[in-house]
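Okay, here's what each chain looks like letter by letter:
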Amino acid sequence: MSQETTGPEPYRRAADYIAAVLIHLRENVLLKEPLRREHLKPRLLGHWGTCPGINRVYAALDRLVLERDADVLLVTGPGHGAPAVHANLWLEGTHADVDPALGRDGAGLRELSRRYCAPDGFPSHLSPAVPGTLHEGGELGYALSTAFGAALDAPGRLVACVVGDGEAETGPTAGAWHASKYLDPATSGAVLPFLHLNGYKISSPTVFATMSDSELTHLFRGYGWDPRIVDVTSDPGDDSLVEAVADAHSAITAIQRQARSGAAPSPRPAWPMIVLRSLKGEGAPVEVEGRRIEGTFHSHQVPLADVHDDPVQLRALEAWLRSYRPEELFDEDGRPVPEVTAGCPEGRRRIGMQPAADGGRLRRPLDLPPLAPYAVGLGEGRGRSPAGPTEVLAEWLTEIMRRTAGRRDFRIVSPDELASNKLDAVLRATSRACTWPVEGYAEDLARDGRVMEVLSEHTCQGWLQGYLQSGRHGLFPTYEAFASVVDSMLNQYAKWLKMSREVPWRAPVSSLTYLLTSEGWRQEHNGYSHQGPGFINNLITKKSTVTGVYLPPDANTLLVTMERLLDETGKVNVVVAGKHEAAQWLGLDEARAHCAAGASTWAWASHERGEEPELVLACAGGIPTVETLAAAELLREDLPDASIRVVNIVDLCALAPADRHPNGMPDDRFRALFGTDTPVVLDFHGYPSAVHQLLHGRPRPDRFHVRGYVEEGTTTTPYDLLAANGTSRHDLARTALEHLAARHPRAPELGDRYAAHRDRLRAELRRTGEDPAEITAWRWAGEERGG
């Protein structure tokens with residue numbers, strides 16, 4: 001064993017021992033008898049390699065709390081090091097406080113070990129069921145940006161963030177190092193990163209392992225950090241990390257003190273960070289059966305994977321565990337001895353009891369302004385009072401910024417798209433955050449700004465996750481096509497929220513809402529790369545209890561939707577809204593009723609005869625609403641005896657059966673809108689497959705003929721893009737006529753006429769380079785009446 005007789009100080013020795021026990025043992029957890037095969041877990045799961053380093057960090061932070069009363073939140077990037085976190089939570093008594101069955105004695109340790117990686121127990125990675133955590137760390141890359149989000153607007157908080165040297169290779173982490181340039185030392189807390197450099201990933205060295213101390217120092221100084229390198233590879237008992245943490249804390253408080261004193265703040269504050277060089281899997285056997293383990297990638301997961309069948313490995317495991325001398329660390333009842341617990345803070349200062357890690361309990365509802373002063377009137381009639389939905393929303397968001405100026409618990413994160421998406425009115429109430437000096441021309445920058453713009457969707461998402469998870473509110477507007485950059489982050493966060501709902505002691509946090517603007521149907525000028533509505537498809541594969549998709553057709557429905565979602569908790573929502581001037585269809589009261597219903601018949605646009613129409617024209621999305629209404633008008637004029645209902649869908653998940661989604665319409669309401677055997681032509685904003693997926697389980701879903709984006713795109717005109725995908729008004733009307741032909745002999749001839757007219761328009765726009773006036777100047781001319 002590499003561990004000397006003196007060994008690490010008792011607390012770390014106990015934490016390392018417990019972490020190793022959690023991976024391997026089901027019985028005999030205190031080694032009161034010789035180790036036998038029947039004491040082992042049937043499946044050995046977990047990751048040992050990072051655990052000793054995490055324990056070092058945890059112990060050093062505990063010392064900081066004890067000596068300086070620091071308010072510490074720990075974000076653990078290598079979440080696969082969960083055994084280490086569990087060990088510390090058990091030693092400090094947090095586990096026992098949350099669940100008395102995990103008490104600080106032999107029975108509690110046995111129960112903890114039995115639960116780790118067991119059905120209905122704790123998973124192999126961190127999870128919402130683990131106290132003191134707000135980040136799983138399963139998929140690597142997002143710990144650092146999440147830590148910064150938790151530090152924003154929390155001036156007394158120190159967020160310690162462990163970044164493994166494998167995680168440090170990821171693009172999202174590389175971008176997140178720049179987040180220090182957005183952290184205002186006067187109004188926010190601090191982030192203390194620990195780059196845990198133990199040299200190896202699963203089966204090969206890390207990039208950072210190839211770098212010298214000088215190269216690492218130059219790299220992080222270039223990022224703007226003040227690095228401290230701590231190397232404990234040659235001395236397991238080295239406690240220099242404790243000194244480095246204390247020194248870093250002194251540097252942090254000095255930066256904050258200057259910024260908060262009223263004196264001129266440092267123009268380029270160099271925040272401290274720590275590079276911890278340690279042995280991979282420190283404490284494990286150096287070598288077993290000719291294979292090196294400690295200090296190599298062979299210790300990454302379970303170092304002795306054949307211990308069930310190999311007596312040599314079983315003896316090696318027992319020797320490894322006994323090297324920690326558990327009889328010195330625990331009394332006869334399995335309680336940690338005072339020399340161990342002396343390293344633990346008590347009460348609310350324990351890292352596992354950090355309130356911000358259960359941020360739903362800190363959350364205060366937003367002071368939302370009334371909508372009426374911001375709503376758009378219908379003026380001369382429906383569709384005749386154009387307004388830009390996001391511009392209207394921006395005025396309301398500006399007032400939210402003003403109302404939260406004192407409590408500082410609302411932020412907007414955006415990848416350099418605030419102005420492009422016409423939300424920049426909020427800059428009248430705040431600024432773009434930037435703490436470093438800008439020598440060139442810039443507008444609306446301030447150290448304490450609450451708009452976070454960086455051209456990294458990953459960093460934006462991490463910021464917002466950390467901010468929401470620690471009890472605050474926010475919004476993530478972005479280009480629709482590039483929201484998919486964070487598809488995987490969405491996946492992980494939706495899983496976290498789903499699991500959080502199953503943990504009784506966790507309070508729900510504010511919902512994470514993506515506002516997808518610059519939607520693909522109006523990205524005809526940017527071309528094919530900017531035309532991609534697939535983020536919706538990804539979201540609806542997640543657990544229905546934590547997801548929502550909203551497609552408000554105008555500015556007023558957008559206001560009502562956002563009022564609801566900014567007051568909501570525990571979900572991930574997608575809202576798609578246009579930024580260009582568009583027709584307004586509903587007054588504010590109508591918009592409220594429509595959004596509450598999720599979908600409703602627009603009687604004023606319908607032309608019904610009898611109890612059930614011959615056909616339903618349905619639409620979901622701003623542009624599809626325009627095209628559907630134009631198609632309804634064509635059919636009313638050219639086939640006036642046809643009975644047609646127009647239905648608008650604002651809550652896409654309302655289409656799902658009520659037993660599959662909480663927003664799903666009851667069957668009777670669904671039938672009232674769409675009939676039982678009535679054909680439905682549904683123009684959808686995104687890929688048709690999303691609608692078909694939601695309709696699964698409804699009676700006769702085959703009668704829904706969904707039109708949407710089918711990957712036909714280029715740089716062209718708006719109408720040409722619609723026609724290329726079969727979603728223009730003429731295509732919709734033609735599709736409707738195919739299902740009316742049995743009762744209306746004129747339908748085939750009309751369909752051919754619409755197709756020919758569409759083709760003429762496409763030929764003309766190719767000659768002129770723009771859409772014709774009959775498209776661009778179209779206004780709703782229908783009567784305000786039902787059938």
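Look a little higher up for the structure.
About the criteria used
Residues numbered from 1 in each chain as written. Predicted model: local features only at pLDDT ≥ 70, side-chain atom pairs only at ≥ 80, totals over all residues. Heavy atoms only, no water. Pairing = 2+ DSSP bridges. Helix = DSSP H or I, 4+ residues; strand = E, 2+ residues; numbered from the N terminus. Axes fitted to C-alpha atoms, helices over the stretch in contact; angles between N-to-C directions. Contact = heavy atoms within 4.5 Å. Phe/Tyr/Trp six-rings, centres within 6.5 Å; stacked < 30°, edge-to-face > 60°. Buried < 20%, exposed > 50% of the residue type's maximum accessible area, 1.4 Å probe, protein only. Parallel < 35°, antiparallel > 145°, perpendicular 65-115°, else oblique. Nonpolar A, V, L, I, M, F, W, Y, C, P; charged D, E, K, R; others polar. 1 Å grid on protein atoms, 1.4 Å probe; cavity = no way out; pocket = protein on both sides within 12 Å on 5 of 7 lines; lining within 4 Å. Points joined across faces, edges and corners; volume = space filled by probe spheres on them. Right-handed = clockwise from strand over helix to strand, strands pointing away. Salt bridge = Lys/Arg side-chain N within 4 Å of Asp/Glu carboxyl O. Expected span 1.5 Å × (residues − 1). Disulfide = S-S within 2.5 Å. Polar contact = N/O pair within 3.5 Å; in protein donor to acceptor, adjacent residues only side chain to side chain.

**Student:** Give a detailed account of the sheet that holds strand S18 (residues 644–649), specifying residues and quantitative values.
**Tutor:** Read from one edge to the other, the open sheet built from five strands follows the order S16-S18-S17-S19-S20, with strand pairing classed as mixed. The sheet is open, and its two borders are formed by strand S16 (599–601) and strand S20 (704–707), each paired with just one other strand. Sheet twist, expressed as the mean angle between neighbouring strand axes with direction ignored, is 20°. Helix H19 (residues 622–638) rests against strand S17 (615–620), S18 and strand S19 (680–684) of the sheet, and its axis sits at about 155° to S17. Sitting on the sheet, helix H20 (residues 667–674) touches S16, S17, S18, S19 and S20, and the angle it makes with S18 is about 130°.

**Student:** Account for the sheet that holds strand S2 (residues 157–164), with residues named and values stated.
**Tutor:** Spatially, the five strands line up as an open sheet ordered S1-S2-S3-S5-S4, and their pairing is parallel. Looking along the sheet, the strands with just one partner apiece sit at the ends: strand S1 (71–76) and strand S4 (226–231). This sheet shows a mean twist of 20° between the axes of neighbouring strands, independent of strand direction. With four bridges connecting them, strand S3 (residues 190–197) and strand S5 (residues 272–277) associate as parallel partners. In the sheet register, His196 faces S5, and the bridge partner there is Leu276. Each of S1, S2, S3 and S5 touches helix H2 (residues 51–68); the most contacted strand, S1, lies at about 170° to it.

**Student:** Let's hear about the packing of aromatic side chains: which residues, and what values?
**Tutor:** Scanning all chains against the criterion turns up 23 aromatic pairs. On the basis of an interplanar angle of 75° and a centroid distance of 5.1 Å, the ring pair of Trp48 and Trp320 is categorised as edge-to-face. Highlighted residues: Trp48 in the loop between helix H1 (10–24) and H2 and Trp320 in helix H10 (residues 311–322), separated in sequence by 272 residues. Given a relative accessible area of 0%, Trp320 falls into the buried group. Their ring planes at 65° and their centres at 6.1 Å tell us that Phe148 and Trp225 sit as a pair that is edge-to-face.

**Student:** Tell me about unusual backbone geometry, and please be specific about residues and values.
**Tutor:** Notably, Asp120 is not glycine yet its phi reads approximately 65°, a positive angle. A positive phi angle is found at Asp153, which is not glycine, with a value near 60°. Topologically, Asp153 is positioned in the loop between helix H6 (143–151) and S2.

**Student:** Tell me what's going on with the packing of H1 against H10, and back it up with residues and numbers.
**Tutor:** The description of two helices packed together rests on the angle between their axes and the distance between the axes. The geometry of H1 relative to H10 is characterised by a closest axis approach of 10 Å and an angle of 150° between their N-to-C directions. With respect to H10, the axis of H1 lies roughly antiparallel. Where H1 abuts H10, its residues Tyr17, Ala20, Val21 and His24 lie against Leu317, Trp320 and Leu321. Its residues placed into classes, the contact of H1 with H10 shows six nonpolar, one polar and no charged.

**Student:** Run through empty space enclosed by the protein, naming residues and quoting values.
**Tutor:** Counted according to the given criterion, the structure contains six cavities of 30 Å³ or more. Its volume calculated, the largest cavity comes out at about 160 Å³. If you trace the largest cavity, you find 13 residues lining it, with His135, Glu136, Gln465, Gln492 and Tyr493 closest to the centre. For the lining of the largest cavity, the secondary-structure elements that each account for two or more residues are helix H14 (457–469) and helix H15 (487–500). The element contributing the most residues to the lining of the largest cavity is H15, with four residues. The residue inventory of the lining of the largest cavity, partitioned by class, reads five nonpolar, six polar and two charged. The volume enclosed by the second largest cavity comes to roughly 80 Å³. What lines the second largest cavity is a set of 14 residues, among which Leu74, Thr76, Val85, Gly132 and Thr133 lie closest to the centre. Among the elements of the structure, S1 and helix H3 (82–92) are those that each provide at least two residues to the lining of the second largest cavity.

**Student:** I'd like a rundown of the pairing of S2, residues and numbers included.
**Tutor:** Residues in a regular strand point their side chains to alternate faces of the sheet. Within S2, eight of the eight residues are buried, which leaves it mostly tucked inside the rest of the structure. By the bridge criterion, seven bridges tie S2 to S3 in an arrangement that is parallel. Paired with Val163 across the strands is Leu195, a residue of S3. Each parallel crossover has a hand, and for S2 linked through helix H7 (residues 171–176) to S3 it is right-handed.

**Student:** Can you explain the environment of Leu765? Please cite residues and give values.
**Tutor:** Among the secondary structure elements, Leu765 is positioned in helix H24 (residues 747–768). Here Leu765 falls in the buried class, since its relative accessible area comes to 4%. For the pair Leu765 and Asp720, spaced 45 residues apart in sequence, the C-alpha to C-alpha distance is 7.9 Å. If we ignore the near neighbours within four places in the chain, the residues touching Leu765 are Thr716, Thr717, Tyr719, Asp720, Glu770 and Asp771.

**Student:** Describe the pattern of salt bridges, naming the residues involved and giving the relevant values.
**Tutor:** Under the defined criterion, the tally for this structure stands at 46 salt bridges. Two residues, Asp99 and Arg115, come together in a salt bridge whose shortest N-O distance is 2.7 Å. Of this pair, Asp99 sits in the loop between helix H4 (94–98) and helix H5 (106–115) while Arg115 sits in helix H5; the two residues are 16 residues apart in sequence, bridging distant segments of the chain. Given a relative accessible area of 24%, Asp99 falls into the partly exposed group. Across the pair Arg228 and Asp226 runs a salt bridge whose closest N-O atoms are separated by 3.1 Å. On the accessibility criterion, Arg228 (16% relative accessible area) is buried. Salt bridges linked by common partners bring Asp367, Glu399, Arg402 and Arg403 together as one network.

**Student:** Hey, could you go over helix H9 (residues 240–260) for me, with residue numbers and the actual values?
**Tutor:** Here H9 contains 21 residues, and its C-alpha end-to-end distance of 30 Å stays within 8% of the 30 Å for a straight helix at 1.5 Å per residue. Those residues of H9 not exposed but buried are Leu241, Val242, Ala244, Val245, Ala246, Ala248, His249, Ile252, Ile255, Gln256 and Ala259. Count one or two residues on from H9 and you reach Gly262, which has phi positive near 95°.

**Student:** Describe the state of the cysteines, listing the residues and the values that go with them.
**Tutor:** Throughout the structure, instances matching the rule amount to zero disulfides. Lacking any disulfide linkage, Cys344 is separated from the closest cysteine sulfur, that of Cys51, by 17 Å. Just so you know, Cys460 is unpaired, no disulfide at all, and the nearest cysteine sulfur is the one on Cys434, 14 Å from it. For Cys460, a relative accessible area of 0% corresponds to the buried category.

**Student:** Explain the pairing of S19 to me, and be specific about the residues and the numbers.
**Tutor:** Within S19, five of the five residues are buried, which leaves it mostly tucked inside the rest of the structure. In S19, alternate side chains face the same way, and those of Val680, Leu682 and Phe684 on one face and Val681 and Asp683 on the other are all buried. Judged from the five bridges that link them, S17 and S19 form a sheet pairing that is parallel. Bridge pairing links Val616 to Val680 in S19. Judged from the four bridges that link them, S19 and S20 form a sheet pairing that is parallel. Within the sheet, the bridge partner assigned to Val680 lies in S20 and is Phe704. Handedness of the crossover joining S19 and S20 through helix H21 (residues 688–695): right-handed.

**Student:** Please set out the side chain of Glu608 residue by residue, giving values where relevant.
**Tutor:** Looking at the element boundaries, Glu608 is found in the loop between S16 and S17. Within polar-contact distance, the side chain of Glu608 engages the side chain of Arg645 at 3.0 Å.

Limitation: the analysis is restricted to geometry and does not speak to function.
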